[in-house]
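Commentary on secondary and tertiary structure
So you can see what is in the structure, the chains are spelled out below.
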Amino acid sequence: MAVEELLVGGTVLPITRWGEPVMHAPTRPVTEFGAELHDLVRDMFATMEAARGVGLAATQVGIDLALFVYDCPDADDVPHRGVFCNPVVTLPEGDGRNLDSIEEGCLSLPGAYQPLARVDKATCTGQDVDGNPITVVGTGLLARCLQHETDHLGGTVFGDRLSTRLRRKLYQQAEELAHLYPADWPVSPKADSAAGRPADSASE
Ligand code: ZN
């Protein structure tokens with residue numbers, strides 16, 4: 001099934017926040033590639049779009065399955081969109097391994113960003129929404145996104161990768177902005193605030 005067919009007809013779901021058990025536990029592999037999975041993917045695309053994210057893992061809508069969707073530019077600003085089931089990320093070693101430290105955010109801790117060093121190129125292998133094998137090589141923000149989403153499916157959030165000091169700042173920032181995000185966000189929209197982040201900040 002073409003990804004384009006999964007971009008319509010979805011229902012926006014509330015985004016699960018850090019602290020909920022599903023966010024901090026490994027997921028089950030996807031084994032059924034039928035209509036039920038396709039419906040979940042439709043809802044995930046609709047939810048990611050409503051939240052203006054570049055990636056969304058199934059755990060972020062409360063489902064413990066190894067699956068994520070993404071709509072994210074690479075280092076050359078070329079947009080990439082797709083679905084990964086049962087993803088595995090491999091990172092280059094040696095000469096091809098470069099770290100890039102930019103601000104990272106997560107839709108499950110909305111509004112908060114801290115710099116995190118990640119490898120700037122990632123190869124992700126897995127299956128598409130019909131179970132066919134796929135491989136995507138991501139650079140720039142897409143490399144970061146593939147790592148961030150695959151982390152989610154193992155129960156790791158990016159705050160787990162920060163120093164204690166930056167994690168404390170991250171939570172402080174999230175707390176200050178929490179009043180802008182209704183409990184069922186993005187079903188109910190974010191409140192307007194002049195203090196909000198610029199629209200070009202990416203969250204995953
Ligand atoms: Zn996230």
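As a reminder, the structure under discussion sits directly above these lines.
Throughout what follows, the structure given in this document is the object of discussion. (Residues numbered from 1 in each chain as written. Predicted model: local features only at pLDDT ≥ 70, side-chain atom pairs only at ≥ 80, totals over all residues. Heavy atoms only, no water.)

**A few points about the overall build of the chain**
- Secondary structure assignment for the chain yields three helices and seven strands.
- Reading the chain from its N end, one meets helices and strands in the order α-β-β-β-β-β-β-β-α-α.
- Referenced to the eigenvectors of the C-alpha coordinate spread, the extents of the chain come out at roughly 45 × 45 × 30 Å.
- The buried share of the chain, taken over its 204 residues, is 47%.
- Considering only residue pairs separated by 6 or more positions, the chain has 69% of its internal contacts joining residues 24 or more positions apart.
- Total accessible area computed for the chain in this model is approximately 9800 Å², and 50% of it derives from carbon and sulfur atoms.
- Computed over 16 positive and 30 negative side-chain charges, the separation of the two mean positions in the chain equals 8 Å. (Helix = DSSP H or I, 4+ residues; strand = E, 2+ residues; numbered from the N terminus. Buried < 20%, exposed > 50% of the residue type's maximum accessible area, 1.4 Å probe, protein only. Contact = heavy atoms within 4.5 Å. Areas by Shrake-Rupley, 256 points an atom, 1.4 Å probe, with all protein chains shown as cover. Lys, Arg positive; Asp, Glu negative; His and termini not counted. Charge placed at Lys NZ, Arg CZ, Asp CG, Glu CD.)

**Comments concerning the sheet that holds strand 2 (residues 67-73)**
- Pairing within the open sheet is antiparallel, and its five strands lie in the order 1-2-3-6-7. Looking at strand neighbours, the two that pair on one side only are strand 1 (55-57) and strand 7 (133-139), the edges of this open sheet. Strand-to-strand twist across the sheet, computed as the mean angle between neighbouring axes with direction ignored, equals 35°.
- In terms of strand pairing, strand 1 meets strand 2 through three bridges, oriented antiparallel. Across the sheet, the residue bridging to Gly55 is Tyr70, located in strand 2.
- Packed on one face of the sheet, helix 1 (residues 35-50) meets strand 1, strand 2 and strand 3 (79-90) and runs near 40° to strand 2. (Pairing = 2+ DSSP bridges. Axes fitted to C-alpha atoms, helices over the stretch in contact; angles between N-to-C directions.)

**Brief notes about the pairing of strand 2**
- Burial analysis of strand 2 places five of its seven residues in the buried class, the great majority of the element.
- In this structure, strand 2 lies alongside strand 3, joined through seven bridges in antiparallel fashion. When the bridges of strand 3 are listed, Asp71 appears paired with Arg81.
- Remark: five residues form the turn of the hairpin made by strand 2 and strand 3, two consecutive strands paired antiparallel; Asp77 in that turn has positive phi of roughly 65°.

**Comments concerning the coordination of the zinc ion**
- In this structure, Cys106 (SG), His148 (NE2), His152 (NE2) and Glu204 (O) serve as the protein donors to the zinc ion, at separations of 2.0 to 2.2 Å.
- Coordination at the zinc ion is irregular, judged from the four donor atoms that bind it and the angles of 92 to 142° they form at the metal.
- Here the donor residues for the zinc ion map to a single chain with the spacing C-x41-H-x3-H-x51-E. Residue His148 is found in helix 2 (residues 140-153), and its partner Glu204 is found in the segment after helix 3 (164-177); the two are separated by 56 residues along the sequence. Considered together, His148 and Glu204 belong to a single accessibility category, that of buried residues. (Donors = N, O, S within 2.8 Å, 3.2 Å for Na, K, Ca; no water. Tetrahedral: all angles 85-135°; square planar, octahedral: opposite > 155°, others 65-115°.)

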